[in-house]
Amino acid sequence: MKIAITAAGATLDAPLDPRFGRAVNFILYDLDSGKFEVIDNLQNLEAAQGAGIQAAETVARAGADGLITGHCGPKAFRVLAAAGIPVYNTSVATVAQALEEYREGRLVPARSADVEGHWA
Amino acid sequence: MSEGVRIAIASGKGGTGKTTVAVNLAWSVHEPVQLLDCDVEEPNAHLFLRPEIQRSETVSIPVPEVDESRCDACGECSRLCAWHAIVSLKTRPLVFPDLCHGCGGCARICPLEAIREMDRPIGTVETGVSGPVNLVQGRLNIGAPMAPPLIRAVKARAHGSGLVIVDAPPGTSCPVIAAVRDCDFLVLVTEPTPFGLHDLVLAVDMVRELRIPFGVVINRAGMGDDRTAVFCRNQNIPILQEIPDDRRIAEAYARGRIVVEALPEYQSLFQQLLAALRAAAKKG
């Protein structure tokens, strides 16, 4: 099972990026093997519109079974929901801390977007 | 003037005086002239012209609607759409109408003809008259982020003859391109400030790429420094006119008055600009 986490860097110590659509990177972490890969989000960082949707497509195509991020807007949430990917909102500082929260069962799937589009 | 001449008034930076120049030029023509207010996110030429609006038409763009009973989730539509307005992840497509540019590609590429196009209103085009000026203005609906199709609808109402003045939106992005494309000559209105110059440089790059002949009008001349004038000289860009930094112009503007009416001493300044533009547009 793989989980995607928005990250401002490329390691597990990296700060968790609170943005989804305009996150710097997605870290796709394999909970079974403990390995991870880094997927950059360069094309979206400068997109005028549709960044959340495209980020959701990226995460879904990468095979994520869940997403941990700071905030997720309505369009991205709709795509993730259609792809069957639960969204977990968190306010912890790093990717590693977010994974720890997830493993300990402290994260619950969001029932809706928690911010409007273009919130940041 | 028998043949149609189209002059666009644009600027990199907002608030430099596009509408002031456009309205006062139109008011200086003294014969039938058309003003197209293409700043559809905030059309404001009407505040000065106070036209009687004679027609108001809704402008729509076609957006996809998916017949889910026909769709097999092949994802062709999603792969085609550069705007992510239709998204399929091995699922029935999700449609995001406010991102759709109305190109119709998804409906055409769908192998099962499961997509049909529905009109989605994005704004209105209003036509009105104020003295010798025929005003056409677009008004984008609140929350509709798609200006270019509405701008094209405004421009589609341009007369084929006489002088047509296009008041463009500020900046250098898609709505500006939609407004200034096909114009015979373009005026970049700027102000002699660092911000004005910074955005003028961007606008000059844009106009050169579009290959439209152009010149600069410096508004509020005397308030800043001479770097804008030096830039124009070094780049061989004609400075067509300078409008002085006169507090009375700002006061007239703030009251919604046309400068050449409120301050008749500026009539010759706009007449000169008009003559220069007509000569320049003819040369092409």
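These numbers were taken from a predicted model, which means no experiment stands behind them.

Calculation criteria
Residues numbered from 1 in each chain as written. Chains lettered and ligands numbered in written order. Predicted model: local features only at pLDDT ≥ 70, side-chain atom pairs only at ≥ 80, totals over all residues. Heavy atoms only, no water. Helix = DSSP H or I, 4+ residues; strand = E, 2+ residues; numbered from the N terminus. Contact = heavy atoms within 4.5 Å. Buried < 20%, exposed > 50% of the residue type's maximum accessible area, 1.4 Å probe, protein only. Lys, Arg positive; Asp, Glu negative; His and termini not counted. Salt bridge = Lys/Arg side-chain N within 4 Å of Asp/Glu carboxyl O. Core = buried A, V, L, I, M, F, W, Y, C linked by side-chain atoms within 4.5 Å. Domains from an automatic or database assignment. Pairing = 2+ DSSP bridges. Axes fitted to C-alpha atoms, helices over the stretch in contact; angles between N-to-C directions. Parallel < 35°, antiparallel > 145°, perpendicular 65-115°, else oblique. Nonpolar A, V, L, I, M, F, W, Y, C, P; charged D, E, K, R; others polar. Buried area = accessible area lost by both parts, 1.4 Å probe. Polar contact = N/O pair within 3.5 Å; in protein donor to acceptor, adjacent residues only side chain to side chain. Phe/Tyr/Trp six-rings, centres within 6.5 Å; stacked < 30°, edge-to-face > 60°. Lys NZ or Arg CZ within 6 Å of the ring centre and 35° of its normal.

A.B. asks: I'd like a rundown of the environment of Y266 of chain B, residues and numbers included.
C.D. replies: Residues and elements named next belong to chain B. For Y266, the position within the fold is in the loop between α10 (259-262) and α11 (267-283). Residues Y266 and I243, 23 residues apart in the sequence, show an inter-C-alpha distance of 8.9 Å. Ignoring any residue separated from it by four or fewer positions in sequence, one finds Y266 in contact with P244, D246, R248, I249, V259 and V260.

A.B. asks: Account for the side chain of D167 of chain B, with residues named and values stated.
C.D. replies: Residues and elements named next belong to chain B. Structurally, D167 is set in strand β8 (residues 163-167). For D167, which is buried and forms no salt bridge, the nearest opposite charge comes from K18, at a distance of 5.8 Å. Residues contacting D167, with those up to four places away along its chain left out, are I9, K18, T19, A22, L35, L36, D37, C38, D39 and N44.

A.B. asks: Can you explain the nonpolar core? Please cite residues and give values.
C.D. replies: Core analysis: the biggest nonpolar cluster contains 83 residues, and F20 and L80 of chain A together with L186 and L188 of chain B have the highest contact counts within it. When residues in this core are grouped by element, the largest group, six residues, is from helix α7 (residues 194-210) of chain B. Each of domain 1 (5-59 + 123-283) and domain 2 (68-113) of chain B accounts for three or more of the residues forming this core. Core analysis: the second largest hydrophobic core is formed by 38 residues, A22, L49, V189 and V217 of chain B among them.

A.B. asks: Just give me the short version of the sheet that holds strand β5 (residues 87-89) of chain A, but keep the residues and values in it.
C.D. replies: All names here are of chain A. Ordered in space as β3-β2-β1-β4-β5, the five strands form an open sheet in which the pairing is mixed. A strand with exactly one partner marks an edge of an open sheet, and here the two such strands are β3 (36-40) and β5. Neighbour to neighbour, the strand axes of the sheet diverge by 25° on average, direction disregarded. Bridge count for strand β1 (residues 2-7) against strand β2 (residues 25-30) is six bridges, and the pairing is antiparallel. Residue pairing for β2: T6 is matched across the bridge by F26. The strands touched by helix α4 (residues 95-103) are β1, β2, β4 (67-69) and β5; relative to β1, the strand with the most contacts, the crossing angle is about 145°.

A.B. asks: I'd like a rundown of the side chain of S28 of chain B, residues and numbers included.
C.D. replies: Secondary-structure assignment places S28 of chain B in the loop between α1 (18-27) and β2 (33-37). Non-local contacts of S28 of chain B, meaning those with residues more than four positions away in its chain, are made with V260, F270, Q271 and L274 of chain B.

A.B. asks: An account of the packing of α1 of chain B against α11 of chain B is needed here, citing residue identities and associated values.
C.D. replies: All names here are of chain B. As a packed pair, α1 and α11 sit with axes 9 Å apart at the nearest point and diverge in direction by 85°. By the angle between their directions, the pair α1 and α11 is classed as roughly perpendicular. Facing α1, whose interface residues are T20, V21, N24 and L25, α11 presents F270, L273, L274 and L277. Within the contact of α1 with α11, the residues separate by chemical class into six nonpolar, two polar and no charged.

A.B. asks: Can you tell me about the domain arrangement of chain B, naming the residues and giving the values?
C.D. replies: Accessible area lost on assembly of the parts is the figure often given for the size of an interface. Parsing chain B into structural domains produces domain 1 (5-59 + 123-283) and domain 2 (68-113). Each of domain 1 of chain B and domain 2 of chain B was reduced to a C-alpha centroid, and the two centroids are 38 Å apart.

A.B. asks: Which residues make up the pattern of salt bridges, and what values do they have?
C.D. replies: Side chains that differ in sign of charge can pair as their charged atoms come close. Applying the stated criterion across every chain yields a total of 17 salt bridges over all chains. Note that K75 of chain A is salt-bridged to D98 of chain B, the shortest N-O span being 2.9 Å. Residue K75 of chain A is located in helix α3 (residues 74-82), and its partner D98 of chain B is located in the loop between β5 (94-95) and α4 (105-109); the two belong to separate chains.

A.B. asks: Before we move on, could you go through the interface of chain A and chain B and cite the residues and values that matter?
C.D. replies: Of the residues lining the interface, 12 residues belong to chain A; the matching set on chain B comes to 12 residues. Here chain A and chain B share an interface that buries about 1200 Å² over both sides, 65% of which is from carbon and sulfur atoms. Scanning the region where chain A abuts chain B turns up one salt bridge. Here chain A is connected to chain B by four residue pairs in polar contact (both at pLDDT 80 or more). Counting residues per element, the side of chain A that touches chain B draws most heavily on helix α2 (residues 51-61) of chain A, at five residues. Within the side of chain A that touches chain B, the residues separate by chemical class into five nonpolar, three polar and four charged.

A.B. asks: Give me the packing of aromatic side chains: which residues, what numbers.
C.D. replies: Across all of its chains, the model carries three aromatic pairs over all chains by this definition. The interplanar angle of 50° and the centroid separation of 5.6 Å between the aromatic rings of F20 of chain A and F26 of chain A together place this pair among those described as tilted. We classify F26 of chain A as buried; its relative accessible area is 1%. The positively charged end of R78 of chain A is found above the aromatic ring belonging to F96 of chain B, 4.5 Å away from the centroid.

A.B. asks: I'd like a description of the pairing of β2 of chain B, backed by residues and values.
C.D. replies: All names here are of chain B. Across the five residues of β2, five count as buried, placing the element largely inside the fold. Residues V33, L35 and D37 line one face of β2 and the alternating positions Q34 and L36 line the opposite face, and both faces are buried. Here five bridges tie β2 to β8, and the two strands are oriented parallel to one another. For Q34, the partnering residue across the bridge sits in β8 and is V164. Sheet analysis places β2 next to strand β7 (residues 133-140), joined by five bridges and oriented parallel. For L36, the partnering residue across the bridge sits in β7 and is V136.

A.B. asks: Break down the environment of S268 of chain B for me, with residues and values.
C.D. replies: Residue and element names in this part refer to chain B. Locating S268 in the fold gives a position in helix α11. The exposure class of S268 is partly exposed, given its relative accessible area of 43%. As for S268 and A107, which are separated by 161 residues in sequence, their C-alpha atoms are 55 Å apart.

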